Amino acid sequence: MTMFEYAPAPESRSIVDIRPSYGLFVDGEFTDGTGTPLKTVNPATEEVLSEVAVGTDADVDRAVRAARRAFVKTWGPMRPADRGKYLFRIARLLQERAREFAVLETLDNGKPIRESRDVDVPLAAAHFFYHAGWADKLEHAGLGPAPRPLGVAGQVIPWNFPLLMLAWKVAPALATGNTVVLKPAETTPLTALLFAEVCQQADLPPGVVNIVTGAGETGRAVISHPDVDKVAFTGSTEVGRSIARAVAGTEKRLTLELGGKAANIVFDDAPVDQAVEGIVRGIFFNQGHVCCAGSRLLVQESVHDDVVAALQRRIGTLRVGDPMDKNTDLGAINSHAQLERIRELAAYGETEGATCWQPEGDLPDRGFWFKPTVFTDVSPAHRIARDEVFGPVLSVMTFRTPDEAVAKANNTTYGLSAGIWSEKGSRILQVTDQLRAGVVWANTFNEFDPTSPFGGYKQSGYGREGGRQGLAAYLRSDS
Amino acid sequence: MSDRLPVRKTYKLYLGGAFPRSESGRTYEVHDAKGHFVANAAWASRKDGRDAVVAARGAFAKWSGATAYNRGQVLYRVAEVMEGRAAQFTEEVAAGEGLSTGRARAAVDAAIDRWVWYAGWTDKLAAVLGSTNPVAGPYFGFSVPEPTGVVAVLAPQRSSLLGLVSVLAPVLAAGNTAVVVSSKERPLPAITLGEVLATSDVPGGVVNLLTGDAAEIGPWLAEHADVDAIDLAGAPAPLAMELERSAAGTVKRVLRAPADEPDWSADPGLSRLRPFLETKSVWHPIGV
């Protein structure tokens, strides 16, 4: 197949001004951390971008005190409409500085600039805009006549959508009158620190948002601090379990958004080209670093060969490489550790008897890369059909009847999302009804919106983010 | 008639729609509030707990898949049948909890009314807790509440009937199935309630009532991979913490217990429905 050659179309990085080192954002100011600083690298080049402070127990304590003070003195007593106005300001500032955020996100995370520009940053701004409007309307949220904030929220977020996950956590917490201590992921702290500048530009009162960077130990300090009233975590199911254990027996409220192993079900009447686009979007969006990625493709047996052939043809046209290039489809794997994990699980795929397929083409010499990968002949017992790979690896299985599709789709300890491809509306609705998953996309995949509650069934976690339902995670209800 | 020798009841478990003894063959003595022997109750074992989970999982598809209207009618039917047995419940509650007949009857009445209240919720939850989502794109988006699955319920220790109904009815109204460990010292109303459920069109397995010790069976339920949620109402503080910790292993939803058993006559609102409901958000494209 002849392909049009694309000239390189790199986005300029001159818009961002990365400082050589960053402190912690506590009580409205950047301050030194007392831990040994960590380096954050560009995963596409392995270039060190900056040195970032690491928060210790003492630093976290300082941040929680600042958050408590702000909750008691400024943010808590503030008129709800004014809280809303601050959030509107933040939404606008994110839009104004969208390009800067997108470039910084791509440099620190490795995701294609097209995605950070068109998905991460606009959605983050939308989340603040949406929740801003809730701030003075909470009595209409269906949580009783006078729902009250919980207090200080300790929030720990992952590296796959650094700014967007920050928005999912911070926006609802602030809109409901809570204050925040947020720990970004150790490999992607930079947009959170730029967000701290946005808080300063918005004149957000000191202590309302505190950002404490660091790794696992810092996160543990945040969630286990005795003066934290609410813990919100997005990340792996393994860490989620340990957090649930840590808050057991306390008064802390907890919401968890954990892993997934979503089934993407293609029925024989699905429009193949459209389905293939959805399959690609489902598993290769953000290099597959998506908790709701459609990592298990269930294809009706009669169309299996056609779908797989069309899928491979399409994957052959994907551009893997420089995330800063505007034509890039798949960027870099976020870290060396994650790359190792993907390699390990993919190796299991082959040794357990599945057939591995990858497109032709070279990968860059430096940086962390993994080709888009399709495993066929996968059995439900294979590790690649059960474990979350969190990378660009698709496992293809077949089914004969809708009942079998549902049974296979639900045959997982996870329950975050699922996809259905069919032209038949009644079948879509029936299968949707039977899938044990928190989000179901029919004839589309990986769509997100602040008005649409997101979260898992089963071991994918509990609580929702977004929508009216998401507010419940941050409010004490009388009803 | 007064010289007739009464026929006493053998109190057994209610499991999978039947009334078996504990597989362990164990029983324990139940005394009234004054310390007099009343009956031997079945002393449920870990294995009974696991059998109950199997029964509850088996019943889940049918119960959660029933129409909300149907579930509402079945729960209303429970109230109807209980009303006819009010005298028996009153006697058991009065004896077990040491209440006057009048106060016991008030608790029974409140328990019956609680079924009626929850029966009316089944077909309103989707409207009250669900939504259509005005997403910024060409999609029809909506969110619906769905039952969490199999819920383990450690029933309150003091309020043997009203407390029990207050924790069980919302689990069922939301479409879940239940494995209940009754009050240990006051288990008899639970088994009588089982007899009501068995004759109220509640499908077998939807409710499984185990009499015995929450401290013995609770840890197995908290750990069990096929239990989706646990209500710690009847677990004392140190046990509750241990159970919450072990429930974390399978990311169960945990409804914590307040330090002291609450006043069950208070209006429960949605506080016991929300914890056992999941929200499913659905996206469908708009276009040709």
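Residues numbered from 1 in each chain as written. Chains lettered and ligands numbered in written order. Predicted model: local features only at pLDDT ≥ 70, side-chain atom pairs only at ≥ 80, totals over all residues.

Which residues make up the overall build of chain A, and what are the values?
In terms of helices and strands, chain A carries 15 helices and 20 strands. Since a compact globule built from 479 residues should have a radius of gyration of about 23 Å, the 22 Å found for chain A is in line with a globular shape. With the principal axes as the frame, chain A shows a C-alpha extent of 65 × 50 × 35 Å. Taking the intrachain contacts of chain A between residues at least 6 apart in sequence as the baseline, contacts between residues at least 24 apart amount to 73%. (Helix = DSSP H or I, 4+ residues; strand = E, 2+ residues; numbered from the N terminus. Rg over C-alpha atoms; globule rule 2.2 N^0.38 Å. Contact = placed C-beta atoms within 7 Å.)

With reference to specific residues and values, describe the overall build of chain B.
On a plain count of helices and strands, chain B comes out with nine helices and 10 strands. Dimensions of chain B, computed from C-alpha atoms along their principal axes, come out at roughly 80 × 40 × 35 Å. Split into buried and exposed, the 288 residues of chain B put 53% on the buried side. (Buried ≥ 20, exposed ≤ 12 C-beta atoms within 10 Å, placed from the backbone.)

Which residues make up helix 6 (residues 190–201) of chain A, and what are the values?
Residues and elements named next belong to chain A. Over its 12 residues, helix 6 runs 17 Å from end to end, which matches the ideal 16 Å to within 8%, given 1.5 Å per residue. Within helix 6, nine of the 12 residues are buried, leaving the element largely enclosed by the surrounding structure. Listing the buried residues of helix 6 in full gives Leu190, Thr191, Ala192, Leu193, Leu194, Phe195, Ala196, Val198 and Cys199. One or two positions beyond helix 6, positive phi appears at Asp203, with a value near 60 degrees. (Expected span 1.5 Å × (residues − 1).)

So, the interface of chain A and chain B: which residues are in play, and what are the values?
On the chain B side, the residues contacting the 37 residues of chain A number 29 residues. Breaking the side of chain A that touches chain B down by element, the ones donating at least two residues are helix 8 (237–247), strand 18 (439–442), strand 19 (461–462) and helix 15 (467–471) of chain A. Of all the elements, helix 8 of chain A adds the most residues to the side of chain A that touches chain B, at five residues. Split by residue class, the side of chain A that touches chain B holds 14 nonpolar, 16 polar and seven charged. Bridging between strand 18 of chain A and strand 10 (residues 277–285) of chain B involves three bridges; their strand directions are parallel. Each residue of the ladder has a partner; that of Val440(A), found in strand 10 of chain B, is Val282(B). (Nonpolar A, V, L, I, M, F, W, Y, C, P; charged D, E, K, R; others polar. Pairing = 2+ DSSP bridges.)

Summarise the environment of Ile15(A); cite the residues concerned and give the values.
Residues and elements named next belong to chain A. Locating Ile15 in the fold gives a position in the segment before strand 1 (21–22). With 13 C-beta atoms counted inside 10 Å, the residue Ile15 sits in the partly exposed group. Between the C-alpha atom of Ile15 and that of Val212, which follows or precedes it by 197 residues, the distance is 25 Å. Setting aside residues up to four positions removed in sequence, Ile15 forms contacts with Arg99, Glu100 and Val103.

So, the domain arrangement of chain A: which residues are in play, and what are the values?
Residues and elements named next belong to chain A. Split by domain assignment, chain A resolves into domain 1 (21–258 + 458–476) and domain 2 (263–442). Between the C-alpha centres of domain 1 and domain 2 the distance comes to 30 Å. Listed by partner, the interface residues are 19 residues for domain 1 and 26 residues for domain 2. Counting residues per element, the ones that place at least two in the side of domain 1 that touches domain 2 are helix 3 (98–109) and helix 4 (113–134). Of the residues assigned to the side of domain 1 that touches domain 2, the class counts are five nonpolar, eight polar and six charged. (Domains from an automatic or database assignment.)

Just give me the short version of the sheet that holds strand 5 (residues 47–52) of chain A, but keep the residues and values in it.
Residue and element names in this part refer to chain A. What the three strands build is an open sheet, ordered 1-5-4; its pairing is mixed. Across the chains shown, the open sheet's two edge strands, defined by having one partner strand only, are strand 1 and strand 4 (38–42). Here five bridges tie strand 4 to strand 5, and the two strands are oriented antiparallel to one another. Across the sheet, the residue bridging to Val41 is Val48, located in strand 5.

Which residues make up the packing of helix 3 (residues 86–97) of chain B against helix 7 (residues 188–198) of chain B, and what values go with them?
Residue and element names in this part refer to chain B. Helix 7 packs onto helix 3 with a crossing angle of 165 degrees between their chain directions and a minimal axis gap of 9 Å. Classified by the interaxial angle, the pair formed by helix 3 and helix 7 is roughly antiparallel. Helix 3 and helix 7 meet at a crossing whose hand is left-handed. On helix 7, the residues that touch Gln88, Phe89, Glu92, Val93 and Gly96 of helix 3 are Leu188, Pro189 and Thr192. The residue inventory of the contact of helix 3 with helix 7, partitioned by class, reads four nonpolar, three polar and one charged. (Axes fitted to C-alpha atoms, helices over the stretch in contact; angles between N-to-C directions. Parallel < 35°, antiparallel > 145°, perpendicular 65-115°, else oblique. Left-handed = near helix turned anticlockwise from the far one by under 90°.)

Requested: an account of the sheet that holds strand 12 (residues 263–266) of chain A, with residues and values cited.
Spatial strand order, 14(A)-15(A)-16(A)-13(A)-12(A)-17(A)-18(A)-10(B)-4(B)-3(B): 10 strands in an open sheet with mixed pairing. In this open sheet, the two edge strands, each paired with only one partner strand, are strand 14 (355–357) of chain A together with strand 3 (131–133) of chain B. Here the average twist between neighbouring strands, direction ignored, is 20 degrees. Pairing analysis gives four bridges linking strand 12 of chain A to strand 13 (residues 296–300) of chain A, with the strands arranged parallel.

Can you tell me about the pairing of strand 11 (residues 253–257) of chain A, naming the residues and giving the values?
All names here are of chain A. Counting buried residues in strand 11 gives five out of five residues, a clear majority hidden from the surface. By the alternation rule, side chains of strand 11 split into Arg253, Thr255 and Glu257 and Leu254 and Leu256, which are all buried. Taken together, strand 10 (residues 230–234), helix 8 and strand 11 form a β-α-β motif whose crossover is right-handed. The pairing of strand 11 with strand 19 spans two bridges and is classified as antiparallel. Residue pairing across strands places Leu256 opposite Tyr462, the latter belonging to strand 19. (Right-handed = clockwise from strand over helix to strand, strands pointing away.)

Talk me through the nonpolar core; I want residue IDs and the actual numbers.
Core analysis: the biggest nonpolar cluster contains 186 residues, and Val153(B), Leu168(B), Val179(B) and Val180(B) have the highest contact counts within it. With 11 residues, the top contributor of residues to this core is helix 5 (residues 162–175) of chain A. Setting aside chain neighbours within four positions, we find Val180(B) in contact with Val153(B), Ala155(B), Leu168(B), Ala190(B), Val207(B), Asn208(B), Leu209(B) and Leu210(B). Phe375(A), Ala405(A), Ala409(A) and Phe454(A) belong to the second largest nonpolar core, which has 69 residues in total. (Core = buried A, V, L, I, M, F, W, Y, C linked by C-beta atoms within 7 Å.)

Can you tell me about unusual backbone geometry, naming the residues and giving the values?
Here Asn286(A), not a glycine, exhibits a phi torsion of approximately 60 degrees, which is positive. Along the chain, the position of Asn286(A) falls in the loop between helix 9 (272–284) and strand 13. What makes Asn286(A) buried here is the crowd of 24 C-beta atoms within 10 Å. Of note in this structure, Val251(B) is not a glycine but carries a positive phi near 50 degrees. Within the fold, Val251(B) resides in the loop between helix 9 (237–247) and strand 9 (253–255). Note on Val251(B): 25 C-beta atoms within 10 Å, which makes it buried.

Talk me through the environment of Gly269(B); I want residue IDs and the actual numbers.
Residue and element names in this part refer to chain B. Tracing the backbone through its elements, the reader meets Gly269 in the loop between strand 9 and strand 10. Classification of Gly269 by C-beta neighbours within 10 Å gives partly exposed; the count is 13. C-alpha of Gly269 to C-alpha of Glu185: the two residues are 84 residues apart in sequence and 28 Å apart in space.

Tell me about the pairing of strand 5 of chain A, residues and numbers included.
All names here are of chain A. Where strand 1 meets strand 5, two bridges bridge the pair, whose relative direction is parallel. Residue pairing for strand 5: Tyr22 is matched across the bridge by Val52. Counting the residues in the hairpin turn of strand 4 and strand 5 gives four residues, including Glu46, whose phi is positive at 65 degrees.

So what's going on with the confidence of the model for chain B? Which residues, and what values?
The predicted model of chain B averages 97 in pLDDT, with 99% of residues at 70 or higher. For this predicted complex, the interface confidence comes out at an ipTM of 0.97, alongside a pTM of 0.97. (pLDDT = per-residue confidence, 0-100.)

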